[in-house]
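Each chain, letter by letter, is given below.
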Amino acid sequence: MESISKEVIDTELMLVTANVGSLFEDPKRLLSIWLEEFIAKITELKPQFLALHLQEVGGKTYENSMDHVQEFIKYLNETMGSMDYTYVRIYMDEDYKSVENFTALGNIYFGHKNICTLRIWNFLKHGWEDKLNENQIYTGNIEAVATKEKSKFPQHFFPECKWSRKGFMRTRWEINGTVIELVNIHLFHDASNLVACADFPSVYCKTRRRALIHTIERFHLDDKNGSVPFFCFGDFNFRCDTAGVVKELTANLVAHRVQSIKTDNTKIHYRNSIGNNILTLGKKEFSHADHQLKFKEYWLKNFDKELEPLTEILIEYPINFIPSYPFEEDPEMPTDYMSTRCPSWCDRILMTPQVNDIIACNEWKYDIIGESVCMGDHKVP
């Protein structure tokens, strides 16, 4: 929660980011749990303005999930409306057939009826909209919608040359007299643990950093729309220094490489003096003998380094919650990590240093939603 102000009008904001891909892979089991937990948090905190940024809307096969996405939007809209959130703006990038544009991002905003003034920016007219209609929902192909700016990252940015659904979508608001920008972003994942642990920064880390800097520079160079303080929150896919984590975990262990004819199946087993496997590392395997406890200890935060080179342009409140990814997608195992990746803080809420100038008080809370229930493979900051 943040409080922003101009003169005497303060507004409590709630900013939420959620990679919801796995929810739409198993909607019958997971969607209702997610929605119940999310609404419970809204009911508890009662923000005046809510921004929900979604990534991987619809899951891997959007065409099979469209009905579930529409039900998701309808439920949120009706439930928030019953709580007196009368201002609604929803942008869902659903045009999955457009390879050059599709990002699977969703930006959802709710303003409470008690907000005195609320305006939204038009990125094509380079000015504020004359009137903010109470309820505007944009789905399908939203390329022509002027009150958002959306872009997929250039194809040459993508590691392994696969042009996947990664990019950003931003909106700009004036809330009770204070201007802020809200940016949804989805950066590239680590395709292989073996490649990721070769060095730090890894090739994946360098690609994420390049795309993030590209996005920020794009905003700063936008002379027509100008530059304002912004929050950037989404799935940054930031990963721990895998090479450093492996070194930390394997001190006094012996490495045994198991080479397969198929290089993708190569594994490295790190064993103790009596031959027990303590850590197994493969392309999509990262498994420790004490997996469910080891990565919830504070030592791991020392290896969360991806943001360090960018701290002059992006800042973050201190993280005091466990890594947000990758959790089991099973309601019976809501607090367990999958043994596929090194648990990391992928999902973040960052901001420009200028945001400090518009925060009215220091009563913020930076945490995850649904720590004890299944929210899919990503917990929700």
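Figured I'd write up the structure that's included with this text.

The rules behind each value
Residues numbered from 1 in each chain as written. Predicted model: local features only at pLDDT ≥ 70, side-chain atom pairs only at ≥ 80, totals over all residues. Heavy atoms only, no water. Phe/Tyr/Trp six-rings, centres within 6.5 Å; stacked < 30°, edge-to-face > 60°. Helix = DSSP H or I, 4+ residues; strand = E, 2+ residues; numbered from the N terminus. Buried < 20%, exposed > 50% of the residue type's maximum accessible area, 1.4 Å probe, protein only. Pairing = 2+ DSSP bridges. Axes fitted to C-alpha atoms, helices over the stretch in contact; angles between N-to-C directions. Contact = heavy atoms within 4.5 Å. Polar contact = N/O pair within 3.5 Å; in protein donor to acceptor, adjacent residues only side chain to side chain. Salt bridge = Lys/Arg side-chain N within 4 Å of Asp/Glu carboxyl O.

**As for the packing of aromatic side chains**
Here is step 1: What the rule picks out here adds up to 18 aromatic pairs.
Here is step 2: Taking 4.2 Å as the distance between ring centres and 5° as the angle between the ring planes, the aromatic pair formed by Tyr317 and Trp364 counts as stacked. With Tyr317 in the loop between helix H7 (291-294) and strand S17 (347-351) and Trp364 in the segment after S17, the pair connects residues that are 47 residues apart, well separated along the chain.
Here is step 3: Looking at Tyr317, the relative accessible area reads 13%, which means it is buried.
Here is step 4: Each residue in the set Phe24, Trp34, Phe38 and Phe72 is aromatic and connected to the rest through ring pairs, giving one cluster.

**What about the pairing of strand S16 (residues 285-288)?**
Here is step 1: Alternating residues of S16 divide into Phe286 and His288, all buried, and Glu285 and Ser287, none buried.
Here is step 2: Across 4 bridges, strand S15 (residues 277-282) lies against S16 in antiparallel orientation. Across the sheet, the residue bridging to Leu279 is His288, located in S16.
Here is step 3: Taking the residues that link successive antiparallel strands as the turn, the S15-S16 hairpin has 2 residues.

**Quick look at the sheet that holds S16**
Here is step 1: In spatial order, the strands read S13-S14-S15-S16; together these 4 strands make up an open sheet with antiparallel pairing. With partners counted over all chains shown, the strands left at the sheet margins are strand S13 (254-258) and S16, one partner each. Direction aside, neighbouring strands of the sheet carry axes that sit 15° apart on average.
Here is step 2: Contacts between helix H6 (residues 242-249) and the sheet are confined to strand S14 (267-271), S15 and S16, with S16 contributing the most and set at about 30° to the helix.

**Structural notes on the environment of His378**
Here is step 1: The topology assignment puts His378 in the segment after S17.
Here is step 2: The spatial distance from the C-alpha of His378 to the C-alpha of Leu23 is 9.8 Å, given a sequence separation of 355 residues.
Here is step 3: Setting aside residues no more than four positions away along its own chain, His378 makes contact with Asn19, Asp235, Ser324, Tyr325, Cys346 and Asp347.
Here is step 4: A polar contact of 2.9 Å, which involves the side chain of His378, links it to the side chain of Asp347.

**Some words on the environment of Leu307**
Here is step 1: Here Leu307 is to be found in the loop between H7 and S17.
Here is step 2: On the accessibility criterion, Leu307 (9% relative accessible area) is buried.
Here is step 3: Excluding residues within four positions of it along the chain, Leu307 makes contact with Phe238, Leu314, Glu316 and Leu350.

**Some points on the pattern of salt bridges**
Here is step 1: Counting across every chain of the model gives 20 salt bridges.
Here is step 2: Across the pair Asp222 and Arg170 runs a salt bridge, and its minimum N-O distance is 2.9 Å. With a gap of 52 residues between them, Asp222 in the loop between helix H5 (203-220) and strand S12 (230-235) and Arg170 in strand S10 (residues 167-175) connect regions that are remote in the sequence.
Here is step 3: Residues participating in the shared-partner salt-bridge network are Glu149, Arg170, Arg172, Glu181, Arg218 and Asp222.

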